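So the chains spell out like this:
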Amino acid sequence: MSMRERPESADLTSGGGASTAPGSGRHRADLTFIGAGPKTLGILLAIAATADAGSGLRIHLIDPFPPGAGRIWRTEQSPHLWMNSRTEDITIFPDESCRLLRPGITGPTLHEWIHGPGQERLVAAGLGDETAALDSQSFASRRVQGHYLAAAFESALTRLEAEVHIHRTRAEAVRRRDDDRGFVVTTATGTVIDTRVLVSAQGHLDMHPAVDDADLAARATAWAPDSAAVPADSAAGIDDDSRSAASASTGLYYQGPGYTADLDFSGIPAGAEVLTRGFGLAFLDFMVMVTEGRRGEFVDDGPRLRYVPSGREPVLWVGSSRGVSYSPKLGYSRADIPGAPAVELRYLRQDRLDGAGHHIDFTTVLGPLFELELTYAHYAHVLWKRGIDAPELLEIIDDAAKRVLSGLHGTDEPWNGETSQPSRADAVRERAGFATIAASAREIITDPADLFDLSRLDRPLENLSCAAHSSAETRVRRHIEDHLRRSADVHHSADLAVFDALVKSYVSIRMLVRVGRVSHSHRTEFVEGRFHSLFSYIGSGPPPIRVKQILALHEAGLVRFLGPGLSIAADETGYTARSAAHPEPKTFTHFVDARLARQSAEKAADPVLESLRSTGALLLEDTAHAKLRTDEAGHALDADGRSQSDLFLIGPAVSGSTAEAFTRPHTGAPVFADNERIASAILDAVSAGSDRRELLAG
């Protein structure tokens, strides 16, 4: 069934006392989730693991997309859209490494499920040939992941003793009950649900356009698809806010930020030159939708890929602040480097940070410690890999960290050059001893490729200066080729140590954010700004084959590189792109912003949050890109800062909320403890207004 053909409302019931609710009317619920994707799935699994598995509860789930999979991982989407994690690195179930108060419901990883209990389901869905070719190191399509999550959801229903109703529609409005005990939810089909406890567990929300994006779109309005345009497969618009804008009178086309599977690129005709801002995962999705999605084909040509065009493709001119694609996933694992030193956090640990005040300064403490974690992991591995006996280098890094930790009470001035007071940034780096570390490393290590420089890793072409675009484009291509080769070369396995340190540091800092140890302003400016950008660039890159596809399309003349330091200006003639690396501007009539809009509760185009906010039920941060405020248990704070025991908020638009829903197995990922904690708080809230307190203990 296609997305356009799906029913607006459907119900599924399970558990003891199951019944079938009509698609409209009025219902009573103990617990209602708005959003039935992976975050809700994780909490339902945690509820199912309690002593009574939610016995006696009436639970309603509201989501227009399939339960378990949700919007992003729905099974009805293009086969060309992939995961960016290997099948062995994905699980929705806790395992023995997780610190839980009670035994969790365990289950297979994606890889185990594909080649075990999921085989029959995948074959029935027509995905048997696709999944038969997948091994533990493969990158599955998102629709395969959707089937995995749907199966996990069915497993949760089997274990739950609750009566569960699923409404395949959208929640349109929420208000408090007149007696102030719970909420009334109205769906798009007119169904009204009186619920004791409400949980908003939505994923990435659509945003109202930012001012700059709205200005760009205003130059291309009154969309009327060109009859010569060729649609990409399975790229249907979801709502008016997600559609592209184009104008027959101006000849301009603009597609704002959005989730690629929801967007319609049919307004881009074959052969059009398209300015594309963003060189991350959203760009790759867009790239394959208008190449493979338009019946082009990648074929093996020895060690490289070659692209055979269909003749329907546009030409994508891509640029960004870095000007290069995200780092490809490494082509080896720890199994390929037996005996390598383990990577454990040394500085960003709770016991090392206890001496700080309530807020730990990012610019003078967390930022430098993060860089030192990566530096230590890199050089510990290089010394082991090359057989170099130089423990003094690691001691210098430890000493630098001690100096940083001695200054736990820092100022709010930005770190690492992001300031109008460079002397202050220099002082921070001098105290951290980065220059001393670099000088010592150069004396000990002979191969420049074994030296570590985070700023060079983060912004490899920042100082690129060329006389012409052609020279800059050549440098971009060479960097992508060199980076791809290095990512597959176990000789440089210190890169895996850096990756491990990056992931552990990211989790540690996100946990500090969650418990309020990072100020809202520093979280917005640094953690969700440059730090998250660096993590995404290094740690959340694409499968290596995607980078090979970029190079194949470049060789075919269908992907062109604008260079780093991209800036864009718009006027009546079009969208003019300039790169800091060369002096040649280029003007386009077609422009795609290949990125997701930054999550901001203030700008969320969501009727549920808008209705709750209008009645004073939500508190937003007083900062840019404001998020919703909750207490440590996930209870929403109202406009006066009071905790509401019957309203929970979870998701990317919530301050401190754990962003991920599934994770890597055997890593002790905190998401499962979070699910357990939130599930317990939800059950406490339900029982507080009923006679079920003893029933829900667990």
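Here is what the cut-offs are and how they apply
- Residues numbered from 1 in each chain as written.
- Predicted model: local features only at pLDDT ≥ 70, side-chain atom pairs only at ≥ 80, totals over all residues.
- Heavy atoms only, no water.
- Helix = DSSP H or I, 4+ residues; strand = E, 2+ residues; numbered from the N terminus.
- Buried < 20%, exposed > 50% of the residue type's maximum accessible area, 1.4 Å probe, protein only.
- Contact = heavy atoms within 4.5 Å.
- Areas by Shrake-Rupley, 256 points an atom, 1.4 Å probe, with all protein chains shown as cover.
- 1 Å grid on protein atoms, 1.4 Å probe; cavity = no way out; pocket = protein on both sides within 12 Å on 5 of 7 lines; lining within 4 Å.
- Points joined across faces, edges and corners; volume = space filled by probe spheres on them.
- Nonpolar A, V, L, I, M, F, W, Y, C, P; charged D, E, K, R; others polar.
- Phe/Tyr/Trp six-rings, centres within 6.5 Å; stacked < 30°, edge-to-face > 60°.
- Lys NZ or Arg CZ within 6 Å of the ring centre and 35° of its normal.
- Expected span 1.5 Å × (residues − 1).
- Axes fitted to C-alpha atoms, helices over the stretch in contact; angles between N-to-C directions.
- Parallel < 35°, antiparallel > 145°, perpendicular 65-115°, else oblique.
- Left-handed = near helix turned anticlockwise from the far one by under 90°.
- Core = buried A, V, L, I, M, F, W, Y, C linked by side-chain atoms within 4.5 Å.
- Salt bridge = Lys/Arg side-chain N within 4 Å of Asp/Glu carboxyl O.
- Pairing = 2+ DSSP bridges.

Q: Is there a simple way to think about the overall build of the protein chain in this case?
A: From N to C terminus, the protein chain includes 19 helices and 19 strands. The buried share of the protein chain, taken over its 698 residues, is 56%. Within the protein chain, contacts between residues separated by at least 24 positions form 76% of all contacts whose residues are at least 6 apart in sequence. Taken as a whole, the protein chain presents about 28300 Å² of accessible surface, with 49% of it coming from carbon and sulfur.

Q: Looking at this structure, how should I read the layout of surface pockets?
A: Where empty space is left becomes clear once a probe the size of a water molecule has been rolled over the atoms. In this model, the second largest pocket occupies a volume close to 470 Å³. What lines the second largest pocket is a set of 27 residues, among which Arg514, Thr630, Asp631, Ser655 and Gly656 lie closest to the centre. The set of elements that each furnish at least two residues to the lining of the second largest pocket consists of helix 15 (494-514), helix 16 (520-539), strand 19 (643-650) and helix 19 (670-688). The residue makeup of the lining of the second largest pocket, split by class, is nine nonpolar, 10 polar and eight charged.

Q: Mind showing me how you'd approach the packing of aromatic side chains here?
A: The geometry of two aromatic rings is summed up by the distance between their centres and the angle between their planes. Tallying each qualifying case throughout the model produces 18 aromatic pairs. Relative to Tyr148, the ring of Phe93 has its centre 6.5 Å away and its plane inclined at 80°; by these criteria the two rings are edge-to-face. Of the two residues, Phe93 sits in the loop between strand 2 (58-62) and helix 2 (110-114) while Tyr148 sits in helix 5 (residues 142-159), which places them 55 residues apart along the sequence. Judged by its relative accessible area of 5%, Phe93 is buried. Owing to a relative accessible area of 1%, Tyr148 belongs among the buried residues under this scheme. Joined through ring pairs, the aromatic side chains of Phe362, Phe370, Tyr506, Phe526, Phe531 and Phe535 make up one cluster. Note that Lys586 overlies the ring of Trp317, its terminal NZ or CZ placed 4.8 Å from the centroid. Stacked on the ring of Phe588, the Lys or Arg Lys586 has its end atom at 5.4 Å from the ring centre.

Q: Got a minute to help me understand helix 14 (residues 469-487) in this structure?
A: Along an α-helix, a turn takes 3.6 residues, which lines up residues three or four apart on a common side. The terminal C-alpha atoms of helix 14, which comprises 19 residues, lie 27 Å apart, in line with the 27 Å expected from a rise of 1.5 Å per residue. Inspection of helix 14 places His469, Ala472, Glu473, Val476, His479, Ile480, Glu481, His483, Leu484 and Ser487 among the buried residues, and these make up the whole buried set. Against strand 11 (304-308), strand 12 (315-319), helix 16, helix 17 (544-555) and strand 13 (559-563) lie the buried residues of helix 14.

Q: Mind showing me how you'd approach the packing of helix 9 (residues 362-386) against helix 16 here?
A: Angle between the axes and distance between the axes are the two parameters that describe a pair of packed helices. For the pair helix 9 and helix 16, interaxial distance at closest approach is 12 Å and the crossing angle is 20°. Compared by their axis directions, helix 9 and helix 16 come out roughly parallel. Along this stretch, helix 9 crosses helix 16, giving a crossing that reads as right-handed. Counted together, Phe362, Thr363 and Phe370 of helix 9 and His522, Phe526, Val527, Phe531 and Leu534 of helix 16 form the full contact between these two elements. Looking at the contact of helix 9 with helix 16 residue by residue, the classes come out as six nonpolar, two polar and no charged.

Q: Sorry if this is basic, but what is going on with empty space enclosed by the protein here?
A: In this structure the tally under the stated criterion is five cavities of 30 Å³ or more. If you trace the second largest cavity, you find 13 residues lining it, with Leu45, Ala46, Pro94, Leu100 and Gly104 closest to the centre. A breakdown of the residues in the lining of the second largest cavity according to their chemical character gives eight nonpolar, three polar and two charged.

Q: Honestly, helix 1 (residues 38-48) in this entry has me stumped. Any pointers?
A: By the criterion of burial, helix 1 is predominantly enclosed, with 11 of the 11 residues buried. Where helix 1 is concerned, the buried positions are Pro38, Lys39, Thr40, Leu41, Gly42, Ile43, Leu44, Leu45, Ala46, Ile47 and Ala48. Of the surrounding elements, those touching the buried residues of helix 1 are strand 1 (26-34), strand 2, helix 5, strand 6 (192-201), strand 19 and helix 19.

Q: Could you clarify how one ought to interpret the nonpolar core in this entry?
A: One broad trend across soluble globular proteins is that nonpolar side chains are buried collectively. Within the largest apolar cluster, 113 residues are counted, with the highest numbers of intra-cluster contacts made by Phe283, Met287, Leu369, Phe370, Leu372, Tyr379 and Val559. Those residues in contact with Met287 that sit more than four places away from it in its chain are Leu316, Arg546, Gln549, Ile550, Leu553 and Val559. Of all hydrophobic cores here, the second largest spans 54 residues; its members include Ala46, Trp73, Leu149 and Ala152.

Q: Got a minute to help me understand the pattern of salt bridges in this structure?
A: Think of it this way: side chains of opposite charge can pair up when their charged atoms draw near. In this structure the tally under the stated criterion is 39 salt bridges. Close ionic contact of Asp646 with Arg196 constitutes a salt bridge, the shortest N to O distance being 3.9 Å. Of the two residues, Asp646 is situated in strand 19 and Arg196 in strand 6; the sequence distance between them amounts to 450 residues. Here Asp458 and Arg459 are joined by a salt bridge, their closest N and O atoms 3.8 Å apart. Under the relative-accessibility criterion, Arg459 is labelled buried at 17%. By sharing partners, the salt bridges in this structure join Arg523, Glu528, Arg598, Glu621 and Lys627 into a single network.

Q: It is not clear to me how the sheet that holds strand 16 (residues 586-588) should be interpreted in this structure. Could you clarify?
A: The strands making up a sheet are joined through hydrogen bonds of the backbone, oriented either antiparallel or parallel. One open sheet holds the three strands; their spatial order is 14-15-16, and the pairing between them is antiparallel. Of all strands in the sheet, those with a lone pairing partner are strand 14 (567-571) and strand 16, marking the two edges. Averaged over all adjacent pairs, the angle separating strand axes in this sheet is 25°, with direction ignored. Relative to strand 16, strand 15 (residues 574-578) runs antiparallel, the two sharing three bridges. Paired with Ala577 across the two strands is Lys586, which belongs to strand 16.

Q: Even after reading the chapter, I still don't get unusual backbone geometry, so can you show me in this structure?
A: Residues apart from glycine generally show negative phi values, whereas peptide bonds are mostly found in trans. Residues other than glycine seldom take positive phi values, yet Ala53 does so here, at roughly 50°. Structurally, Ala53 is set in the loop between helix 1 and strand 2. The exposure class of Ala53 is buried, given its relative accessible area of 7%. Not every positive phi belongs to a glycine, and Arg295 is a case in point at roughly 75°. Residue position: Arg295 is located in the loop between helix 7 (281-289) and strand 10 (297-301).

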